[in-house]
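Understanding the architecture of this molecule
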Amino acid sequence: WKLGQTVGNKVKALQEKMGISWIEGQFLTDSIRTLNEGRTALKWSFAVAFYSDSSHNLTKIFVDNQSLLSKAVEDLSELLQIKDPEVIMAKKTEFYNKTGYVENRTYALMECGRDLLCKGICKSG
């Protein structure tokens, strides 16, 4: 919530100080939405990993995907900590790239988790 408010203030600052339109600042809003989705997927992935058969190759792939998403989420989160509107605009392409990467990693983790569950590669609690 706090990060969302901070991003909203950054978009306003970009509009006021840099003269950009509301739509031009939406990459920040998209980044925060993607960050939250990635964090939510990670949160639930730990339960799936815990109950999955650790000797199965698909579990190993799942854990690798989990690790890649975790790193991607942290990288995007770090980028969202930038406060200077000029630096934010200079890194707009980096925001797009990192946001897209988090989206792709989230999808990969969720698909792998779905496969683990559908194929019964989970031990009972």
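Residues numbered from 1 in each chain as written. Predicted model: local features only at pLDDT ≥ 70, side-chain atom pairs only at ≥ 80, totals over all residues. Heavy atoms only, no water.

1. Description of the packing of aromatic side chains
Aromatic ring pairs are described here by two measures, namely the spacing of the ring centres and the angle between the planes. Counting across every chain of the model gives 3 aromatic pairs. Note on Phe 27 and Phe 95: the rings are 5.3 Å apart at their centroids and 70° apart in plane angle, and the pair reads as edge-to-face. With Phe 27 in helix α2 (residues 26-51) and Phe 95 in helix α5 (residues 92-118), this pair connects stretches of sequence that are 68 residues apart. Grouping residues by exposure puts Phe 27 and Phe 95 together as buried. On the numbers, 4.9 Å between centres and 90° between planes, the contact of Phe 50 with Tyr 51 is edge-to-face. Residue Phe 50 is classed as exposed on the basis of its relative accessible area of 55%. Feature note: the residues Phe 27, Phe 95 and Tyr 96 constitute an aromatic cluster, connected by ring pairs. (Phe/Tyr/Trp six-rings, centres within 6.5 Å; stacked < 30°, edge-to-face > 60°. Helix = DSSP H or I, 4+ residues; strand = E, 2+ residues; numbered from the N terminus. Buried < 20%, exposed > 50% of the residue type's maximum accessible area, 1.4 Å probe, protein only.)

2. Remarks on the confidence of the model for the protein
Looking at the protein, pLDDT values average 88 and 82% of them are 70 or higher. Model confidence for the protein, summarised as mean pLDDT per element, is weakest for helix α1 (residues 2-18) at 66 and strongest for helix α3 (residues 57-79) at 97. (pLDDT = per-residue confidence, 0-100.)

3. Comments concerning the pattern of salt bridges
Applying the stated criterion to the full structure yields 7 salt bridges. A salt bridge links Arg 33 to Glu 103, with the shortest nitrogen-to-oxygen separation between them at 3.7 Å. Placement of the pair is Arg 33 in helix α2 and Glu 103 in helix α5, with a sequence separation of 70 residues. Owing to a relative accessible area of 37%, Arg 33 belongs among the partly exposed residues under this scheme. Put simply, Glu 94 and Lys 98 hold a salt bridge, and the shortest N to O gap is 4.0 Å. You can see Glu 94 and its partner Lys 98 sitting in helix α5, 4 residues apart, about one turn around the helix. A single network of salt bridges, built from pairs that share partners, joins Arg 33, Glu 37 and Glu 103. (Salt bridge = Lys/Arg side-chain N within 4 Å of Asp/Glu carboxyl O.)

4. With respect to the packing of α3 against α5
It is at 9 Å that the axes of α3 and α5 come closest, and there the two elements cross at 155°. Taken together, the axis directions place α3 and α5 in an arrangement best described as roughly antiparallel. In this structure, the crossing between α3 and α5 has a hand that is left-handed. Here the contact of α3 with α5 is composed, by residue class, of 16 nonpolar, 6 polar and 5 charged. (Axes fitted to C-alpha atoms, helices over the stretch in contact; angles between N-to-C directions. Parallel < 35°, antiparallel > 145°, perpendicular 65-115°, else oblique. Left-handed = near helix turned anticlockwise from the far one by under 90°. Nonpolar A, V, L, I, M, F, W, Y, C, P; charged D, E, K, R; others polar.)

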